[in-house]
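Descriptive analysis of the structure
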Amino acid sequence: MTHHPLRVPLQAGAQQLGLALNDTQLSQLLTYLDLIQKWNKVYNLTAVRDAAEMLTHHLLDSLAVVSPLLRHTGGRPTRLLDVGSGAGLPGTVIAVCCPEVQVDCVDAVAKKAAFIQQAAGQLRLPNLRGLHARVETLAETYDVVSSRAFASLPDFVNWTRDTLSEGGAWLAMKGKRPDDEIAALPADLEVFHVEQLVVPGLDAERCIVWMRARAKGASAA
């Protein structure tokens, strides 16, 4: 695995994002990339086909969320639900980088949930699960509920409201700052941070919209 052609650019990109990944984590991420390519031939997990493009658009794009997530959790054990996870992005990448985060990736498409289960086994990630379900049917609750290009912010929070623990936060990965969607959020929620991301090698805007329930009695500004 040492000679994987994308190992050096992956390591360099991770360093640019302030992440010191060890050899095991680098190997897990590269094996995961290879797995996506292999399954993609049959199951069409992602529209991106080129490995170098996958590195930028999928791995590094997902790695960009790790430092912001760790600042939010303070490195504490955390339960995270990744919604509409598809091939497991960013959930699988978070599980590799953050062993203290228990990641459940939910997708309504059975083959995508099966792929994440396969990846969890092959990468030896006990903190990763693939769930085949509609998010509205889940009974468990989570400290962080994340999504990447899943739905509009109002739909995302309305569909996942029952899965967020009290005091929890939504983490929505977006391209440009979605001011129209932010304006359409329910009045009992607040955006407490919009965090700009710079993804190495990706010439496109990226941000995280962090949301939570308003404190009781607080009104919208």
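What comes next concerns the included structure.

Cut-offs applied
Residues numbered from 1 in each chain as written. Predicted model: local features only at pLDDT ≥ 70, side-chain atom pairs only at ≥ 80, totals over all residues. Heavy atoms only, no water. 1 Å grid on protein atoms, 1.4 Å probe; cavity = no way out; pocket = protein on both sides within 12 Å on 5 of 7 lines; lining within 4 Å. Points joined across faces, edges and corners; volume = space filled by probe spheres on them. Helix = DSSP H or I, 4+ residues; strand = E, 2+ residues; numbered from the N terminus. Nonpolar A, V, L, I, M, F, W, Y, C, P; charged D, E, K, R; others polar. Polar contact = N/O pair within 3.5 Å; in protein donor to acceptor, adjacent residues only side chain to side chain. Contact = heavy atoms within 4.5 Å.

Before going further, it helps to examine the layout of surface pockets. Of the volumes computed, that of the largest pocket is approximately 370 Å³. Secondary structure elements with two or more residues in the lining of the largest pocket: strand E5 (164-174) and strand E7 (206-213). Sorting elements by how many residues they give to the lining of the largest pocket places E5 first, with 6 residues. Tallied by class, residues from the lining of the largest pocket come to 5 nonpolar, 4 polar and 6 charged. In this structure, the second largest pocket spans a volume of roughly 180 Å³. Taken together, Leu45, Thr46, His58, Gly84, Ser85, Gly86, Ala87, Leu89, Arg148, Ala149 and Phe150 form the lining of the second largest pocket. Residues of the lining of the second largest pocket, tallied by class, amount to 5 nonpolar, 5 polar and 1 charged.

We now examine the side chain of Asp104. Looking at the element boundaries, Asp104 is found in strand E2 (residues 101-107). Engagement of the side chain of Asp104 in a polar contact is seen with the side chain of Arg129, the distance being 2.6 Å. Excluding its chain neighbours within four sequence positions, the residues that come into contact with Asp104 are Arg79, Leu80, Leu81, Asp82, Arg129, Leu131, Glu140 and Tyr142.

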